[in-house]
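Secondary and tertiary structure notes
So you can see what is in the structure, the chains are spelled out below.
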Amino acid sequence: MRRKICVVTGTRAEYGLLYWLMKEIQQDEDLELQTIATGMHLSPEYGLTFKQIEQDGFMLDEKVEILLSSDTTVGVAKSIGLATIGFADAFERLKPDILIILGDRFEMLAVAQTALIMQLPIVHLHGGELTFGAYDDSIRHSITKMASWHFVSTETHRKRVIQLGENPEHVWNVGALGIENILKLPLLSKAELCVELKLDYSKPFFLITYHPETNDNANGIYPLLSTLNRYQNVHLIFTKANADNGGRTINEAIEQFVLKNPNAYLFESLGQLRYLSAVKHAEIVIGNSSSGLIEVPYLHTPTVNCGNRQLGRECPSSVIQSSTDDISIFEAIETALKFQGPYEQIFGDGEVSKKIIKQIKKFPTKSIQKEFYDL
């Protein structure tokens, strides 16, 4: 009997990272892929990106609605409650053997706690990382303690997961999933991308993604937009913020900026192919997304990382740090525009999915009895 491996995805970015792993599971004769879409994938406000999952050839076994029409802390907390209820029903129907969770978002906290109570073994991806500027940091470590097995992106992250009390025999450094996309996706040329996005080919462009700093009430989107006003001869390509508390405020500010600036464009979701193609051809990537630190350097594009959201995360020298004030952001942008390299590749060689599948096929199909591993 084939093992049922359930993959949960709640955001466009997360799905892009999981794509090749899902393909490997789907094509393996010993495994049966189960897919659950939730969160932003099911929201018209964020582009109904579950449709992309289906277009890519994956059958959605469940759609778990959790998002309220709110981006407050109360709204997010209630979404976690809805997710717990919804995933309890979904897991009862699907009865997976192993559950795969990536990262650190609030949706995945609900998924993990439900799986823990229902004695469903968890494989956790990208544990051991640090992001002090968001409550994702605490969520990530919490999921680590609920998971049975761990696949991390660097040796530092492996040591950190072990430091959290996890058995070293259950922690593997396989590199970052996102690098696999860069190696395997045939990216668009700049001419093809400009046709897709309706851009003037002769103009350079910046790619901007800015998410809330959920551990801080400060909102750096306003000084960032003020600084970008200086660059009228550059296309400014924005993608929407995540559905975290404060995300809607950021999106509304960007929408107003785009209305006033004909060189600015806002996309609900570029999809993985267009996003990575845009990274490749952009002059710089700006914002506070983890992709700016992990995937972007592999495409030889400098990053301006604004504020504290990614504070603590490992990053190469092509990532230029800035505070969230106008002067610091402007100086960082100017530094990034002059950056000539080197582009350090610290998150592995991109051969990730096969390494994960090789280990998963050895796992028992019931929860292991975990003990705290003392250093």
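Being a predicted model, the structure only gives us computed values, none of them experimental.

1. Brief notes about the packing of helix α9 (residues 221–228) against helix α13 (residues 326–337)
For the pair α9 and α13, interaxial distance at closest approach is 9 Å and the crossing angle is 55°. Judged by the angle between their axes, α9 and α13 are oblique. As for the relative orientation of α9 and α13, their crossing is right-handed in sense. Every residue of α13 that contacts α9 at P223, L224, S226, T227 and L228 is listed here: D326, I329, F330 and I333. Classifying every residue of the contact of α9 with α13 gives six nonpolar, two polar and one charged.

2. Thoughts on the packing of helix α3 (residues 73–94) against helix α4 (residues 106–117)
Contact geometry for α3 and α4: axes closest at 8 Å, N-to-C directions at 40°. When the interaxial angle is binned, α3 and α4 end up oblique. Relative to α4, α3 is oriented so that their crossing is right-handed. Of the residues in α4, those in contact with V76, S79, I80, A83, T84, F87, A88 and F91 of α3 are F106, A110, V111, Q113, T114 and A115.

3. Considering the pairing of strand β10 (residues 264–267)
The sheet contact formed by strand β9 (residues 235–239) and β10 spans four bridges and is parallel. Bridge pairing in β10 links I237 to Y265.

How each quantity is defined
Residues numbered from 1 in each chain as written. Predicted model: local features only at pLDDT ≥ 70, side-chain atom pairs only at ≥ 80, totals over all residues. Heavy atoms only, no water. Axes fitted to C-alpha atoms, helices over the stretch in contact; angles between N-to-C directions. Helix = DSSP H or I, 4+ residues; strand = E, 2+ residues; numbered from the N terminus. Parallel < 35°, antiparallel > 145°, perpendicular 65-115°, else oblique. Left-handed = near helix turned anticlockwise from the far one by under 90°. Contact = heavy atoms within 4.5 Å. Nonpolar A, V, L, I, M, F, W, Y, C, P; charged D, E, K, R; others polar. Pairing = 2+ DSSP bridges.

By themselves these figures say nothing about function.
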